[in-house]
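# Structural overview for review
This is what each chain is made of:
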Amino acid sequence: MGQGTITDIEFYSETLQEKLELLIYIPANYSPFYKYSVLIASDGKDYFQLGRISRVADEYLANEEIENLIIVGVPYKSIEDRRRKYLPNGDLHDAYLRFLAHELVPYIDEHYSTYRMGMSRALIGDSQAATVSLLAAIAYPNIFGKVILQSPFVDDTVLDKVREVKDPHAFSIYHVVGSLEHEVTTMNKTIKDFLTPNRKLHQLLVDRGFTTFYEEFEGQHTWKYWQKDLKRAIKQKFSL
C-alpha cells in the first residue's frame, strides 16, 4: 500500500465565526466500501510536520497493524489563538469544543465513510492541545471515545473537570509526560512545572476509575520526544 494523501480544506465554523484550515489525511486504501476510524489533532499542523503522523499511519496501515484511519488536523493561527481556544479560561474555549463535536465531526461523517460512533473517534494533542482534547472528551463523551495526551497543561480547573465526570468509563486515555518537564519554558516565556500537575492528574484518573495508560518518558517538553512517542500512542489506540 502506498502513501495516503493530505488535503487542505477551508472550513467555515459558524460556532467560532471564522475560517479554519483543516488538514485531512486519507489513507491509500480509502474506499467508500470500508469504514474508517477518525483521529482529530489539535495543533494539527505540528502533528503533520513535526510529528510526521501521516508517515506513522502509512507504515502501520501498510503492515495491517492498525484499523483503517482518517486523521484530521486543526492548526492554530497564532500563540494567542491557541490560548483562547485551548485553555479552559480562554474566551473561545467552549466554542472550540462545540466546533469539534458539533461541526467537525458531522462534516467528517458526511464526507467520508466513518463508523460514526464514539469509540471509533479519538482526540490527540500536545501541551495545551492535549488539554483541550481531554476537555472535549469530558464535555462530549458520547462523541469521543479515546484521548491521547502528550504532556498536557494541567491546572486546578482541569482537575476539577475530571472530578466532575459522571462516567469514568465513557472514554479511555493515553497519557504521557516527560520526567524532565518540571521546568518548562512556555510560548510566552514563563517557566512552568508540567510534571507535578500531570502526576496529580494521573492519580486522579486512577482514583476515579478511568481506563488510562500513563508513562513518564525520559525527556522534555518538545517534539523530539512526542514524535518518538507517537508510534506507540497510535498503535495502542488503534491496534487491530
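From a predicted model like this one, the values you see are computed outputs, not experimental measurements.

This part is about unusual backbone geometry. Positive phi values are uncommon outside glycine, yet Arg 116 reaches one of about 60 degrees. The topology assignment puts Arg 116 in the loop between helix H4 (93-111) and strand S5 (121-126).

According to the stated counting rule, one finds 12 aromatic pairs in the structure shown. Here the aromatic rings of Phe 171 and Phe 210 are separated by 5.7 Å at their centres, their planes lie at 55 degrees, and the arrangement is tilted. On the criterion of sequence distance, the pair formed by Phe 171 in the loop between helix H6 (156-163) and strand S7 (172-178) and Phe 210 in the loop between helix H7 (195-208) and strand S10 (211-217) is long-range, its members being 39 residues apart. Each member of the aromatic cluster is reached from another via a ring pair, and the members are Phe 11, Tyr 86, Tyr 96, Phe 99 and Tyr 107.

To continue, consider the environment of Val 165. Along the chain, Val 165 turns up in the loop between H6 and S7. Setting aside anything within four residues of it in sequence, one finds Val 165 in contact with Ile 138, Arg 208 and Phe 210.

Rules used throughout
- Residues numbered from 1 in each chain as written.
- Predicted model: local features only at pLDDT ≥ 70, side-chain atom pairs only at ≥ 80, totals over all residues.
- Heavy atoms only, no water.
- Helix = DSSP H or I, 4+ residues; strand = E, 2+ residues; numbered from the N terminus.
- Phe/Tyr/Trp six-rings, centres within 6.5 Å; stacked < 30°, edge-to-face > 60°.
- Contact = heavy atoms within 4.5 Å.

Structural measurements only, silent on function.
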